[in-house]
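A closer look at the structure
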Amino acid sequence: MKKLLGLFLTILLLTSCTTTTSLYSWGNYEDASYNYYKKQTPEAAEALLKSYQNIINKQKGSRKVVPPGIYAEYGFMLIQTGKRDEGIINLKKEIELYPESKVFIERIINQAEK
C-alpha cells in the first residue's frame with residue numbers, strides 16, 4: 001500500500017510541474033497600447049499598429065486564434081488613420097471570429113460608412 005501511495009504521489013508531483021499555454025498570445029500589446037494612450041504621438045500610433053499586425057500574423061496561443069477585440073481595435077484605428085476600407089475589413093473579421101460582438105461592431109461600421 002505504501003508503494004502504491006508513493007507511486008501516486010510521484011506521478012502527481014511530476015504532472016503538476018507542467019506549464020500551461022495561454023489561450024491567446026498578446027505580443028507587446030500591453031506596452032504598445034499603454035504608450036499610445038499615454039503619449040498619443042504618431043510614433044506611438046505606428047508602434048500600436050505594428051503590435052496589432054504582429055498579434056494577428058503570429059498567433060502562438062493554444063487556440064491559434066486572434067484574441068477578442070484585436071481585429072476591432074485594429075480596424076477602428078485604421079479608420080481613424082484614414083484607411084477606412086481596410087478598417088472595415090478588420091471589423092468584419094472581428095464579427096466572424098466573435099459573433100457576440102456583431103451589434104456593437106456593426107454600429108461602428110455604419111458610422112464609418114457615412
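Located above this text is the structure these notes cover.
For clarity, every value in this text was computed on a predicted model and none was experimentally measured.

Conventions adopted
- Residues numbered from 1 in each chain as written.
- Predicted model: local features only at pLDDT ≥ 70, side-chain atom pairs only at ≥ 80, totals over all residues.
- Heavy atoms only, no water.
- Core = buried A, V, L, I, M, F, W, Y, C linked by side-chain atoms within 4.5 Å.
- Buried < 20%, exposed > 50% of the residue type's maximum accessible area, 1.4 Å probe, protein only.
- Helix = DSSP H or I, 4+ residues; strand = E, 2+ residues; numbered from the N terminus.
- Contact = heavy atoms within 4.5 Å.

1. Notes on the nonpolar core
In terms of nonpolar packing, the biggest core is built from 16 residues, with Leu-48, Tyr-52, Ile-70 and Met-77 touching the most fellow members. Contributions of two or more residues to this core are made by α2 (29–39), α3 (42–57) and α4 (70–80). Of the residues forming this core, the biggest block, 7 residues, is contributed by α3. The contacts of Ile-70, once residues within four sequence positions are left out, are Trp-26, Tyr-29, Tyr-52, Ile-55, Ile-56 and Glu-94.

2. Structural notes on the environment of Ser-22
Relative to the helices and strands, Ser-22 resides in the loop between α1 (2–15) and α2. Residue Ser-22 is classed as partly exposed on the basis of its relative accessible area, which comes to 42%. Separated by 38 residues in the primary sequence, Ser-22 and Lys-60 place their C-alpha atoms 8.7 Å from one another. For Ser-22, the residues in contact, after removing those within four places along its chain, are Gly-61 and Ser-62.

3. Some details on α4
Within the sequence span of α4, burial applies to Ile-70, Tyr-71, Ala-72, Tyr-74, Gly-75, Met-77 and Leu-78. Each element contacted by the buried residues of α4 is listed here: α2, α3, α5 (84–97) and α6 (102–113). Among the residues trailing α4, Gly-82 stands out with phi positive, at a value near 95 degrees.

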